[in-house]
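Structure at a glance
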Amino acid sequence: MPSKNIKAFLGKIELFQNLNSEEIERVVAITQFAEYPKGKILFEEYQTRKYVYIVYSGEIQLFKTSAFGEEQHITQFEKYDFIGEASLVDNTPHSTSARALSDSEIYKIRSVDLIDILNDEAKIAVSILSKIAQIIARRMTHSNDRLTTIGAQYVSGRTRVEHDLLGERNIPSEYLYGVQTLRAKENFNISGVNLRFYPDIIIAFAMVKKAAALANKEVGLLDAEITKAICFASDELIAGKHHKHFVVDMIQGGAGTSTNMNANEVIANLALEYLGKERGEYEFCHPNNHVNLSQSTNDAYPTAVKIALKMASEKLIENLRLLVDSFQAKADEFMNIIKMGRTQLQDAVPMTLGQEFGAYAELLREEIERITTNADLLLFSNMGATAIGTGLNAHPDYGVAVIKYLREISNLDVTLATNLVEATQDTGSFIMFSSALKRLAVKLSKIMNDLRLLSSGPRAGLNEINLPAVQPGSSIMPGKVNPVIPEVVNQIAFKVIGNDITVTLAAEAGQLELNVMEPVIVESLFQSIEMLKNGMRVLRIRTIDGITANKEHLENMVRNSIGIVTALNPFIGYENSSSIAKEALATGRSVYDITLERGLLTEERLKEILSPENMISNKLR
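The structure contained in this document is the topic of the report that follows. Only a predicted model underlies this, so the values are computations on that prediction, with no experimental measurement involved. Throughout this description, residue numbers start from 1 for each chain and increase along the sequence as written. Per-residue local features are limited, in this predicted model, to residues with pLDDT of at least 70; the limit for side-chain atom pairs, both in listing and counting, is 80 or more; totals at the level of whole chains, interfaces and linings are taken over all residues. Calculated side-chain values reflect all of the structure's heavy atoms, with hydrogen atoms and water omitted.

What follows is about the overall build of the protein chain. If you tally the helices and strands in the protein chain, you get 22 helices and 16 strands. With the principal axes as the frame, the protein chain shows a C-alpha extent of 105 × 70 × 35 Å. Whether a residue is buried, partly exposed or exposed follows from its accessible area with a 1.4 Å probe, protein chains only, as a fraction of its type maximum: under 20%, in between, or over 50%, in that order. Buried residues in the protein chain amount to 54% of all 621 residues. Only heavy atoms matter for contacts: two residues are in contact if any of them lie within 4.5 Å across the pair. Considering only residue pairs separated by 6 or more positions, the protein chain has 72% of its internal contacts joining residues 24 or more positions apart. Carbon together with sulfur atoms contributes 52% to the accessible area of the protein chain, which is approximately 27,700 Å² in total. Only four residue types enter the charge count, namely Lys and Arg as positive and Asp and Glu as negative; His and the chain termini do not. Positions of charges follow a simple convention, taking NZ of Lys, CZ of Arg, CG of Asp or CD of Glu. Taking the 64 positively charged and 76 negatively charged side chains of the protein chain as two groups, their mean positions are separated by 3 Å. Under the scheme used here, helices are H or I runs from DSSP no shorter than 4 residues and strands are E runs no shorter than 2 residues, and both carry numbers assigned from the N terminus. Residue-level accessible areas treat just the shown protein chains as cover; the underlying method is Shrake-Rupley with a 1.4 Å probe.

The following block contains the structure:
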């Protein structure tokens, strides 16, 4: 236990920064030390808050568990970070869980002990509680961020000075990003959705930067020590760490330069730590001179986002496969349940409910290949193009080398474009990929329309199937349950279709050697993927897997339908069939009774023709 350093260490913690030496001693007296091996849980969601945890060494991950049992990474904490200060002002249980990402040393302070001090010492209470108020206010500035990105912005009073061509700025010491990212954060408070909303983008950028460093070393432009540091930093991001430092809004001017610089600065500062230097000591590893060596935003940004889209598409496809399997399972379950098919919302001919759900499965199954094919178009890279495709400031052998390393790192079939000038301005692959997402959305929406119709009622609608009841459906009508999951999937489809229009317009807006509208293309595509992925998961779990059929009702509708006369057409002729249909419609009598009454078929033959298995096959003909 590093007890001899505890007082100095606690004095650097934001929560205790305003305490004097004697007051710090009081806190030291109630502080415990604990070691948490990699993977050990510090606390769990819904568990009573008992401690304030302060990280002395190692890394602690904060995460939530979704309704479907999936862990959602929120953020990670490192040395000088603290967790659980809310226990001092609130007795609610933990809303998240925490685990050690690596072997970690933690100082723990029981909240009851610290509260005792606060009750005894007004000055200490004012100091600590005012700090907590500042922390809450700071977090509120991030209230538009997605839940999984709230991840506490623990900022101390320490800063470092960085400069760019516009001048100097103070950067909080805890931030891995630098001055250019800070300016972008201030300039582009647009959508409230920033880069860390989509981890695949961060991971893909890290892959690109690692590949670039290795290629630059191979062609003799980067020394081994800096290369190793950049690779270490990139691997940290690929492993899912430090993503909270990617703070630039997805919608931004500058053709993605802010995103590229966010990656360059974070990687540079992580590399500096690896080299034993302080953050901001860029003479040892510079965001532009080293991390961005032989690159421009105009080749690094599109390459990274294309790789990210490819990776994201694989997760989308996995959810699509599972949804197809669910529809197919229902097709198998309902294979012997007969119903009336409909065209133009009118009775057509009999079919099975299994055939209907089997068609839905096949409609969606086709999209697996379509999305895969169009996602593969994204794997043509213009790395080495630099600014406009001429390769200015890049070694002649760099392009081939960086693609070689990028293939190894990403495990994707990345290919160097044949014409880098064309590839730098072309956004055709984004258009094709967006069209595949739109096609999936349109099919999903059509199926949702069907499910809403088939489940309509229950007394005054079709009432052929029952969707699982997931929530009350009305604030005024007792007992009403609405098809809310299909409704939300419909709305997702509308957004995806709208995003496709955005992608189309942004692609058309390209001018000369670059399309500066790529950020809105990227934001639109990732939003579409995220919504489709989440929508299909919810649809599968909350709706499709729980659908049941009203078998008796379906069979009665077939027996009473005029549409079954079509099955008689080959045996009694079109004229007789038409006449029977007309009489049945006018009198309300059944096709079965009228056919027997006219003596057109024997009862035995009529039963055989109108049996469910014969009405859905051609074996009598």
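Moving on from the coordinates now.
Our next topic: the sheet that holds strand E1 (residues 31-36). Sheets are built from strands that pair by backbone hydrogen bonding, the pairs being arranged parallel or antiparallel. Two strands are said to pair when DSSP picks up at least two bridges between them. Pairing in this open sheet of four strands is antiparallel, and the strands run E1-E8-E3-E6 from one edge to the other. Each edge of the open sheet carries a strand with a single partner, namely E1 and strand E6 (82-83). In this structure, E1 lies alongside strand E8 (residues 104-110), joined through six bridges in antiparallel fashion. Residue pairing in the sheet places phenylalanine 33 in a bridge with tyrosine 107 of E8. Along the sheet face, helix H3 (residues 111-120) touches strand E3 (51-57) and E8 and points at about 50° away from the line of E8. To obtain each axis, a line is fitted to C-alpha atoms, and for helices this fit is confined to the stretch in contact; angles are then taken between N-to-C directions over 0 to 180 degrees.

The next subject is the pattern of salt bridges. Every case where a carboxyl oxygen of Asp or Glu lies within 4 Å of a side-chain nitrogen of Lys or Arg is listed as a salt bridge. Tallied over the full model, the rule gives 36 salt bridges. The closest approach of N and O atoms between lysine 244 and aspartate 81, which form a salt bridge, is 3.8 Å. One end of the pair, lysine 244, is in the loop between helix H7 (224-238) and helix H8 (257-274); the other, aspartate 81, is in the loop between strand E5 (71-77) and E6, and 163 residues separate them in sequence. By relative accessible area, lysine 244 is classed as buried at 13%.

Taking strand neighbours across the sheet as the criterion, the four strands line up as E2-E7-E4-E5 in an open arrangement whose pairing is antiparallel. Each having just a single partner strand, strand E2 (41-43) and E5 make up the two edges of the open sheet. For this sheet, the mean inter-axis angle between neighbouring strands, taken without regard to orientation, is 30°. Examined bridge by bridge, strand E4 (residues 60-65) and E5 share six bridges and lie antiparallel to one another. If you follow glutamine 61 over to E5, its bridge partner there is glutamine 76.

Bridge analysis of strand E11 (residues 338-343) against strand E12 (residues 346-352) gives five bridges, and the strand direction is antiparallel. Along E12, the bridge assignment pairs isoleucine 338 with threonine 352. The loop that links E11 with its antiparallel partner E12 comprises two residues; one of these, glutamine 344, has a positive phi angle of about 55°.

The next thing to look at is the side chain of asparagine 499. Relative to the helices and strands, asparagine 499 is located in helix H15 (residues 484-508). Polar contacts involving the side chain of asparagine 499 include one to the side chain of serine 528, which spans 3.0 Å. If sequence neighbours within four positions are ignored, asparagine 499 has contacts with Ser434, Ser524, Gln527 and Ser528. Here a polar contact means two N or O atoms within 3.5 Å. Within protein one must be a hydrogen donor candidate and the other an acceptor candidate, and residues neighboring in sequence count only if both atoms are side-chain atoms.

Our next topic: helix H10 (residues 297-333). Helix length check: H10, at 37 residues, gives a terminal C-alpha distance of 53 Å against a target of 54 Å (1.5 Å per residue), a fit within 8%. H10 sits mainly inside the fold: 27 of its 37 residues count as buried. In this structure serine 296 caps H10, since a side-chain oxygen of it lies 3.0 Å from the backbone nitrogen of asparagine 298. By definition here, a helix of n residues has an expected span of 1.5 Å times n minus one.

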